[in-house]
Amino acid sequence: MASEEKTLRDVPVGGTATVVKLVGDGAIKRRIMDMGITKGTTVDVRKVAPLGDPIEITVRGFELSLRKDEAQNVLVK
């Protein structure tokens, strides 16, 4: 991964990012896509649990929770 690329895991609370690419193996990638997180989608980070996992995001008007290891597979800008 290049140094300028960041993942959804790196976006601070209150931040907004646009999905650039999904990485990972088939099952994880498919699950993320089924949640509506696809290339070009805008994602807002709403909250992070007290211990840091999971994170709550808003995608396409829906609130979702993602584990940090799942968020690591979503490259954003």
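To be clear, the structure that these remarks concern was listed above.
A few points on the structure.

What counts, and at which threshold
- Residues numbered from 1 in each chain as written.
- Predicted model: local features only at pLDDT ≥ 70, side-chain atom pairs only at ≥ 80, totals over all residues.
- Heavy atoms only, no water.
- Helix = DSSP H or I, 4+ residues; strand = E, 2+ residues; numbered from the N terminus.
- Rg over C-alpha atoms; globule rule 2.2 N^0.38 Å.
- Areas by Shrake-Rupley, 256 points an atom, 1.4 Å probe, with all protein chains shown as cover.
- Pairing = 2+ DSSP bridges.
- Contact = heavy atoms within 4.5 Å.
- Core = buried A, V, L, I, M, F, W, Y, C linked by side-chain atoms within 4.5 Å.
- Buried < 20%, exposed > 50% of the residue type's maximum accessible area, 1.4 Å probe, protein only.
- Salt bridge = Lys/Arg side-chain N within 4 Å of Asp/Glu carboxyl O.

This brings us to the overall build of the protein. Scanning the protein from N- to C-terminus turns up two helices and six strands. Along the protein, from the amino end to the carboxyl end, the secondary structure elements read β-β-α-β-β-β-α-β. Here the C-alpha radius of gyration of the protein, 11 Å, is about what a compact globule of 77 residues would show, namely 11 Å. Its C-alpha atoms give the protein principal-axis dimensions of about 30 × 30 × 20 Å. Of the roughly 4800 Å² of accessible surface on the protein, 50% is carried by carbon and sulfur atoms.

In terms of strand pairing, strand β4 (residues 55-59) meets strand β5 (residues 62-66) through five bridges, oriented antiparallel. Among the inter-strand pairings, Val59 is bridged to a residue of β5, identified as Phe62. Two successive antiparallel strands, β4 and β5, enclose a turn made up of two residues, where Arg60 displays a positive phi of approximately 55°.

Of note, Thr58 is situated in strand β4. The contacts of Thr58, once residues within four sequence positions are left out, are Thr42, Val43, Asp44, Arg46 and Glu63.

A separate point is the nonpolar core. Within the largest apolar cluster, 17 residues are counted, with the highest numbers of intra-cluster contacts made by Leu8, Ile37, Ile57, Leu66 and Val74. For this core, the elements supplying multiple residues, two or more each, are β2 (16-22), β3 (42-48), β4, β5 and β6 (74-76). Not counting residues up to four positions away in its chain, the partners in contact with Ile57 are Leu8, Ile37, Val43, Asp44, Val45, Arg46, Phe62, Glu63, Leu64 and Leu66.

Further remarks concern the pattern of salt bridges. In the structure shown here, the tally under the stated rule is three salt bridges. The partner of Asp34 in a salt bridge is Arg30, and the shortest N-O contact between them spans 3.4 Å. Taken as a pair, Asp34 and Arg30 lie in helix α1 (residues 26-34) at a separation of four residues, close to a single helical turn. Judged by relative accessible area, Asp34 falls into the exposed class, the value being 56%.

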